[in-house]
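Close look at the chain arrangement
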Amino acid sequence: MRISQLAAATEVPVATIKYYLREKLLHDGVLTSATQARYDDTHVRRLKLIRALIGTAGLSVSATREVLLGLENPPESGHDLLGIAHHAVSRTAPDDVDLSSAQELLDRWGWGAEACDRDTQAALVKALHGLSEAGFEAPAALLDRYAAAMQDIAEADVESVPTDSAEAAMRHVVLGTLLMEPVLLAMRRLAQQSASFQRFGGTETSRQPGTE
């Protein structure tokens, strides 16, 4: 197919496809002349993946490139698979960041600081500091309940990783981590609405105001 047909098949503008080609997110088509190339279903699948990573997961172009490279060259260690996904959405922690508050929580929850990367520990410290700065202190009991729920989710995630090939495992871990987070956030909000309705009552919220 020509690039215009690729654009129609994926609903991605031609200009955007050309940008992805320049940024090496999308592999080149087969040249049919000096100025034209033909594309196939591999380009369709790759474009949909790129759009999901940039749109749904909210990754930058550079982070998306790293994820795609990781998918093409999976690490040997199963544990390192998760690192590629987490690195794509984590900011590098400053060298002088104090991780003690996060590590105390990790020890309390039995997760072990040595198993958790420092960038994500720093993200937890920053998030908790933001709560404190806003005048909201998360009770320890509430954090413990969250941790228990996250442990169940994490175990389900890890148990579902395929073991038949490194490529399949890499795709499952990276995409499952990055693209499931918006799903989990939506599920949490829906669960909050349901729990609030059960506790406090009120009107149904599934309809927008002014609709029937």
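Rules used throughout
The residue count restarts for each chain, going from 1 along the sequence in the order it is written. With pLDDT at 70 or above as the cut-off, local features in this predicted model cover only qualifying residues; side-chain atom pairs require 80 or more to be listed or tallied, and sums for whole chains, interfaces and linings still use all residues. The basis for the side-chain values is all heavy atoms of the structure; hydrogens and waters are excluded. The helix and strand labels rest on DSSP assignments: H or I over at least four residues marks a helix, E over at least two residues marks a strand, and numbering proceeds from the N terminus. Taken over C-alpha atoms, the radius of gyration is set against a globule rule of 2.2 Å times the number of residues to the power 0.38. Here a residue-residue contact requires only that any non-hydrogen atoms of the pair lie within 4.5 Å. Note that accessible areas follow from Shrake-Rupley with a 1.4 Å probe, and for residues the cover is restricted to the protein chains shown. In what follows, salt bridge is the name for a side-chain nitrogen of Lys or Arg lying within 4 Å of a carboxyl oxygen of Asp or Glu. Burial classes follow relative accessibility: with a 1.4 Å probe on protein chains only, a residue under 20% of its type's maximum area counts as buried, one over 50% as exposed, and anything between as partly exposed.

Moving on: the overall build of the protein chain. Within the protein chain one finds nine helices and two strands. From first element to last, N terminus to C terminus, the protein chain shows the α and β order α-α-β-β-α-α-α-α-α-α-α. What you see for the protein chain is a C-alpha radius of gyration of 22 Å, clearly larger than the 17 Å of a compact globule of 212 residues, by over 25%. With respect to the principal axes defined by its C-alpha atoms, the protein chain has extents near 65 × 55 × 35 Å. In the protein chain, once contacts between residues fewer than 6 apart in sequence are set aside, the share between residues at least 24 apart is 56%. Surface summary for the protein chain: the accessible area is close to 14,400 Å², and the carbon and sulfur share equals 55%.

With that settled, consider the pattern of salt bridges. Within the structure shown, the criterion is met by three salt bridges. Between Glu23 and Arg65 there is a salt bridge, with the nearest N and O atoms lying 2.7 Å from each other. Taken together, the residues Glu23 in the loop between α2 (14–22) and β1 (30–31) and Arg65 in helix α4 (residues 61–72) connect sequence positions 42 residues apart. Taking relative accessible area as the criterion, Glu23 reaches 27% and is therefore assigned partly exposed. With a shortest N-O distance of 3.0 Å, Glu72 and Arg46 are connected by a salt bridge. With Glu72 in helix α4 and Arg46 in helix α3 (residues 41–56), this residue pair connects regions lying 26 residues apart in the sequence.

Structurally, the position occupied by Tyr20 is in helix α2. Owing to a relative accessible area of 3%, Tyr20 belongs among the buried residues under this scheme. With 41 residues separating them in the primary sequence, Tyr20 and Val61 have C-alpha atoms 8.8 Å apart.

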